[in-house]
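# Report on the structure
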Amino acid sequence: MKSLGFDSGFFIYYPRPLCFAGSEANVLPNLYVTWLAGLRSHSLRVVMILAAMLVGVAYLASSFSARHPHTVALDVGISGTRLVLALLAVFWVQELVVKELDRRTVYFSLAYPIPRSSYWLGRFAGISLLLLASTLLMALALYLLTTFGSGSYQQGFSIRFGLEFVSVMAGQLLDAMVIAAFCMLIASFSVTALLPLVAGLAFTMVARSYGSVLALVKDPAGGFADMAEHYLPLLRAIGYLLPDLGGLDLRDWVLYQVVPIDAGVAFAQSGAYLAVLLAASLLIFNRREFH
């Protein structure tokens, strides 16, 4: 048996053959350590509490709605889930990556004759797995609320929990993973523990509102026609640097059966941006000097 290293106050052991089986296999122990560290910090319990609070808020919102309580409850629930997943993505990168770099406990993991990429990719994979578990828990809470929380009231149109709902939650998961990858990019070169947290929150607000701001400026009837000439080139240039995470919000599909035309483009753009962020952070982390 071989020790993987110190992580958040405890040691994880795994068989020696796994350690030297190649860089792909080395990702798995780091994924496992990240998952256990997330569980050890009682994060999933916090998620369950947040999900219960989310269900309560959504239920109260539907109770005050004279019509379509299912739609109102699910709409409020989706908004809350987007907020919670973004905060969790930033929090988990801060807890499981930034604090290790700041406290120098990362030295224990990097001391083994394995590529740094196995540590970095394992951390991101573990955080993604935690986000997936959180998404599934919240999706289940929203399903139970919408199905059983509004009594026998019959809407004019029903909420369908098929491909539409799965796509909505998949978009939210990808949204949170992009935010986590951006925070890891900042963490790969930051010497200040607070910078990834602040930058991650700022990135979330800007990337999620970018599409709405661009559409508002381009709309001739929006009252910003005189500003479009000056700000449109700048906004389009920003679009090359930031993804439009607002395009991953597909709630209209499940709420009103409005099929999103650009959903595939939004998923492809965000997925490509995620890959670029992860590759850039890995390149920087591989060349980082630790003193």
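Residues numbered from 1 in each chain as written. Predicted model: local features only at pLDDT ≥ 70, side-chain atom pairs only at ≥ 80, totals over all residues. Heavy atoms only, no water.

### Here's the deal with the overall build of the chain
- The helix and strand inventory of the chain stands at 11 helices and two strands.
- Counted from the first residue to the last, the chain has its helices and strands arranged as β-β-α-α-α-α-α-α-α-α-α-α-α.
- Counting across all 291 residues of the chain, residues that qualify as buried make up 47%.
- Long-range pairs, those at least 24 residues apart, make up 78% of the contacts in the chain between residues at least 6 apart in sequence.
- Summed over all atoms, the accessible surface of the chain reaches about 14400 Å², with 69% contributed by carbon and sulfur. (Helix = DSSP H or I, 4+ residues; strand = E, 2+ residues; numbered from the N terminus. Buried < 20%, exposed > 50% of the residue type's maximum accessible area, 1.4 Å probe, protein only. Contact = heavy atoms within 4.5 Å. Areas by Shrake-Rupley, 256 points an atom, 1.4 Å probe, with all protein chains shown as cover.)

### What about the UniProt feature "transmembrane region" (unreviewed entry) in the chain?
- The residues that UniProt annotates with the feature "transmembrane region" (unreviewed entry) are residues 42-60, 72-93, 120-145, 165-187, 193-217 and 263-285.
- Structurally, residues 193-217 is divided into 92% helix and 0% strand, and its ends, taken at the C-alpha atoms, are 36 Å apart.
- Spanning residues 263-285, this segment combines 100% helix with 0% strand, and its end C-alpha atoms are found 33 Å apart. (UniProt positions renumbered as here; feature names shortened; annotations may be inferred.)

### Side note on a nonpolar patch on the surface
- Together, Leu140, Tyr143, Leu144 and Phe148 give the surface a local cluster of nonpolar side chains, amounting to about 410 Å² of exposed area.
- Position of Phe148 relative to the elements: it lies in helix α6 (residues 116-148). (Patch = residues over 30% accessible without salt bridge, like charges linked within 9 Å, V, L, I, M, F, W, Y side chains within 5 Å. Salt bridge = Lys/Arg side-chain N within 4 Å of Asp/Glu carboxyl O.)

### Some points on the packing of α6 against helix α7 (residues 163-189)
- The contact between α6 and α7 brings their axes to 10 Å, and the two run at 150°. If you check the angle between α6 and α7, you find them roughly antiparallel. Viewed along their axes, α6 and α7 form a crossing whose handedness is right-handed. Of the residues in α7, those in contact with Trp120, Arg123, Phe124, Ile127, Ser128, Leu131, Leu132, Thr135, Ala139 and Leu142 of α6 are Phe165, Met169, Leu173, Ala176, Met177, Ala180, Ala181, Met184, Ala187 and Ser188.
- Looking at the contact of α6 with α7 residue by residue, the classes come out as 16 nonpolar, three polar and one charged. (Axes fitted to C-alpha atoms, helices over the stretch in contact; angles between N-to-C directions. Parallel < 35°, antiparallel > 145°, perpendicular 65-115°, else oblique. Left-handed = near helix turned anticlockwise from the far one by under 90°. Nonpolar A, V, L, I, M, F, W, Y, C, P; charged D, E, K, R; others polar.)

### A look at the nonpolar core
- Residues Leu131 and Phe203 are the most contacted members of the largest nonpolar core, which totals 52 residues.
- Among the secondary structure elements, those contributing two or more residues to this core are α3 (43-63), α4 (69-103), α6, α7, α8 (195-218) and α11 (263-287).
- Top element by residues in this core is α7. It accounts for 14 residues.
- Once residues lying within four places of it in the same chain are set aside, the contact partners of Phe203 are Val178, Ile179, Phe182, Leu242, Pro243, Leu245 and Tyr273. (Core = buried A, V, L, I, M, F, W, Y, C linked by side-chain atoms within 4.5 Å.)

### Examining unusual backbone geometry
- Of note, Arg104 is a non-glycine position whose phi angle comes to about 65°, a positive value.
- Given a relative accessible area of 35%, Arg104 falls into the partly exposed group.
- Of note in the backbone geometry, Gln257 takes a positive phi value of approximately 60° without being a glycine.
- The topology assignment puts Gln257 in the loop between α10 (251-256) and α11.
- We classify Gln257 as partly exposed; its relative accessible area is 26%.

### Considerations on the pattern of salt bridges
- Per the counting criterion, the structure on display carries seven salt bridges.
- Arg208 is the partner of Asp175 in a salt bridge, and the nearest nitrogen-oxygen pair spans 2.7 Å. Remark: Arg208 occurs in helix α8 and Asp175 occurs in helix α7; sequence separation between them is 33 residues.
- The class for Asp175 is buried, based on a relative accessible area of 1%.
- Residues joined in a network through salt bridges with shared partners are Asp75, Arg82, Asp175, Arg208, Asp249 and Arg251.

### Brief notes about the packing of aromatic side chains
- Under the counting rule described, the total for this entry stands at six aromatic pairs.
- Arranged with centres 5.9 Å apart and planes meeting at 25°, the rings of Tyr119 and Phe285 form a pair that is stacked. Within this pair, whereas Tyr119 is found in helix α6, its partner Phe285 is found in helix α11, the two being separated by 166 residues in sequence. In this structure, Tyr119 and Phe285 share a single accessibility class: buried.
- Centre to centre, the rings of Trp120 and Phe285 are 4.3 Å apart; their planes meet at 20°, and the pair counts as stacked. Of the two residues, Trp120 is situated in helix α6 and Phe285 in helix α11; the sequence distance between them amounts to 165 residues.
- A residue is classified by how much of its surface remains accessible, and Phe285, at 0% relative accessible area, is buried.
- Through pairs of rings, three or more aromatic residues link up here, namely Tyr119, Trp120 and Phe285.
- The ring centre of Phe285 lies 5.7 Å from the NZ or CZ of Arg116, which sits over that ring. (Phe/Tyr/Trp six-rings, centres within 6.5 Å; stacked < 30°, edge-to-face > 60°. Lys NZ or Arg CZ within 6 Å of the ring centre and 35° of its normal.)

### Section: the confidence of the model for the chain
- When pLDDT is averaged across the chain, the result is 81; 82% of the residues are at 70 or more.
- Counted against residues more than four places away or in other chains, residues 1-23, with its pLDDT under 50, gives 55 contacts. (pLDDT = per-residue confidence, 0-100.)

### Notes on α4
- In this model α4 runs 49 Å from its N-terminal to its C-terminal C-alpha over 35 residues, within 8% of the 51 Å that 1.5 Å per residue would give.
- At Gln94, α4 shows its strongest bend, of approximately 35°.
- Downstream of α4 by a residue or two, Arg104 has a phi angle that is positive, lying close to 65°. (Expected span 1.5 Å × (residues − 1). Bend = angle between axes of the 7 residues up to and from the residue.)

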